[in-house]
Each structure stands twice: as C-alpha cells, then as structure tokens.
Amino acid sequence: ASAMIKRYIGLGNALNVTALNAIGMKYVCLLNANELNVIDSNSLKLASLNLSACSQLAKDILYAKAKRAFSDQPYLPAYYGLIEPYLGGAPGADLRGLSKDNVNMKVSTLAKLRTDSLMSLTPSEVQGLLGMNLGDLEKWQNKSPIREWVQRQKQSELDKLHVGLTGGTQEGYMNIVIPKFQSPSSAPLGTVAMTLHLLPALLISFLMMSVLS
C-alpha cells in the first residue's frame, strides 16, 4: 500500500479529498513529511481521518493544515468539532487559546495531546479546556500522561480544581539532587579526603535549610 501511494504521488497526482478517502485512515500515517505537505489543506474539510497511529511529526503537519482549513468557521463550536481530531499536533499556545472558549474537551482528548503541550498547561488552563468534563480528570490521574502532568503541578493549585487530584508537589518541598561520589577504591586519595572533609559541612547546610523552610 505504501508503494502504491508513493507511486500515485510520484505521478504528480494531488492528495485531495477523494485521494485521502481512497487511501483510508490506516495508510495516511504511512506518508512521510514531504508527502504530507502535498495534501491540500481544504481537502481536510471533507476527509475523515484518524491520526491515532500517526507519528508526532505527521500530527504536527496535519494540525497546521487543519487549522488553516477550518479557520473560516464563524462559530467556535463548529471550529472545535472540526479541529478536535487534529489536536494531537497542537502547540501549547493554541491550547491556551482554546481554554478561554468553553470547548468542553474530553479527558481522552487531553491525554492524546502533544506531551510538551500538555505539560505546559496550568491547572486553570486545563480546567478551561475540560469545562463540564473536569470531573472526569480524577479517573485519569494514575494514567500516563495525565499522571506526569499532575506530578508537575503544585498540590495547592490542583486542590483549587476540587476534583480530588493528588500527587502534586507539596509547598515547602524542594528536589535535592544528591551527588554521586566515587568509591574509595576508584577515586584518587585526594578526592576521597576532600569529599570526607566537606561532607559534614554539606550535612549541616542541608539541616539548616530544612529548619529554615
């Protein structure tokens, strides 16, 4: 199938809506970046595509094309209904814009967003995206990537959502990276002596920081 698609494009044929529907949802994800860029943006208005099996690069390219194709929609609900299947390629800035428009995104859609885009969202922005579906977030908090998003947030901010999310960062805590010292058998004697000399000072500094915090 991949070879047939490449031959079709190689003959100069356009990837319009007829071609996309003929290729089918399964094989669109086999197209490389150059082939995806040949797709006419307007053809996405009538094509029915499922991008779940596509690479992140393919999702990024198709989202940009879909955004152009649907930008003439006068009403937000209509626009969101059309762009929703392509949101796996949306940058964080676009998602923050949608968070202000009461789109009522499903949590299953939130979980399929670009990882970097999801991680850039604040709890209040996620609340804006989910709207009436916010209560479903608690059911997903132990599933990736929602779990990782929760762990990045301050627990005090998660508490403001009032949906029972736990596992965020507690106030007053900080992540401390403990240096890995070489074993005495492999480290030079001078390095070992310096490490042992500095260790009490490091411990005292750590204890003082804990008390002051």
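It should be noted that the structure appears before, not after, this text.
One structure accompanies this document, and this report is about it. Keep in mind it's a predicted model, so treat the numbers as computed, not measured.

Some thoughts on unusual backbone geometry
For step 1, the next point in the chain: Looking along the chain, the bond that leaves S144 and enters P145 is cis, with omega of 5°.
For step 2, the next point in the chain: Looking at the secondary structure, you find P145 in the loop between α10 (123–130) and α11 (146–152).
For step 3, the next point in the chain: Positive phi, normally seen in glycine, also occurs at N102, with a value near 55°.
For step 4, the next point in the chain: Take N102: it is sitting in the loop between α7 (92–98) and α8 (107–110).
For step 5, the next point in the chain: The phi angle at N104 is positive, at roughly 55°, despite the residue not being glycine.
For step 6, the next point in the chain: Along the chain, the position of N104 falls in the loop between α7 and α8.
For step 7, the next point in the chain: In this structure N104 comes out as partly exposed when scored by relative accessible area, which is 23%.

Side note on helix α6 (residues 76–83)
For step 1, the next point in the chain: When α6 is considered as a whole, its buried residues turn out to be Y79, Y80 and I83. Angular distribution of buried residues about the axis of α6 spans 95°; they occupy a single face of the element.
For step 2, the next point in the chain: Residues of α6 that are buried sit in contact with α5 (56–70), α7 and α8.

Digging into the nonpolar core
For step 1, the next point in the chain: Grouped together as the largest cluster of nonpolar side chains are 52 residues, with contacts concentrated most on Y86, L87, M105, L110, L137 and W149.
For step 2, the next point in the chain: The greatest single-element share of this core, amounting to 7 residues, is contributed by α5.
For step 3, the next point in the chain: Other than its neighbours up to four places away in sequence, L110 contacts M105, L118, V126, L129, L130, L137 and I146.

Some points on the packing of α5 against α6
For step 1, the next point in the chain: Two elements in contact, α5 and α6, have axes separated by 10 Å at closest approach and are oriented at 150°. It follows from the interaxial angle that α5 and α6 lie roughly antiparallel. Remark: the crossing between α5 and α6 carries right-handed chirality. From α5, Y63, A66, K67 and F70 reach across to α6, where they touch Y79, L82 and I83.
For step 2, the next point in the chain: The residue makeup of the contact of α5 with α6, split by class, is 6 nonpolar, no polar and 1 charged.

What to know about the pattern of salt bridges
For step 1, the next point in the chain: Tallied over the full model, the rule gives 7 salt bridges.
For step 2, the next point in the chain: K139 is the partner of D136 in a salt bridge, and the nearest nitrogen-oxygen pair spans 3.7 Å.
For step 3, the next point in the chain: Relative accessible area serves as the criterion here: at 31%, D136 is assigned to the partly exposed category.
For step 4, the next point in the chain: Look at K139 and you get exposed, because its relative accessible area is 60%.
For step 5, the next point in the chain: Taken together, the shared-partner salt bridges connect D60, R114 and D116 into one network.

What about the packing of aromatic side chains?
For step 1, the next point in the chain: Within the structure shown, the criterion is met by 1 aromatic pair.
For step 2, the next point in the chain: Directly above the aromatic system of W140 lies the positively charged group of K143, at a separation of 4.8 Å from the ring centroid.

Rules and cut-offs
- Residues numbered from 1 in each chain as written.
- Predicted model: local features only at pLDDT ≥ 70, side-chain atom pairs only at ≥ 80, totals over all residues.
- Heavy atoms only, no water.
- Helix = DSSP H or I, 4+ residues; strand = E, 2+ residues; numbered from the N terminus.
- Buried < 20%, exposed > 50% of the residue type's maximum accessible area, 1.4 Å probe, protein only.
- Arc of directions from axis to C-beta.
- Contact = heavy atoms within 4.5 Å.
- Core = buried A, V, L, I, M, F, W, Y, C linked by side-chain atoms within 4.5 Å.
- Axes fitted to C-alpha atoms, helices over the stretch in contact; angles between N-to-C directions.
- Parallel < 35°, antiparallel > 145°, perpendicular 65-115°, else oblique.
- Left-handed = near helix turned anticlockwise from the far one by under 90°.
- Nonpolar A, V, L, I, M, F, W, Y, C, P; charged D, E, K, R; others polar.
- Salt bridge = Lys/Arg side-chain N within 4 Å of Asp/Glu carboxyl O.
- Phe/Tyr/Trp six-rings, centres within 6.5 Å; stacked < 30°, edge-to-face > 60°.
- Lys NZ or Arg CZ within 6 Å of the ring centre and 35° of its normal.

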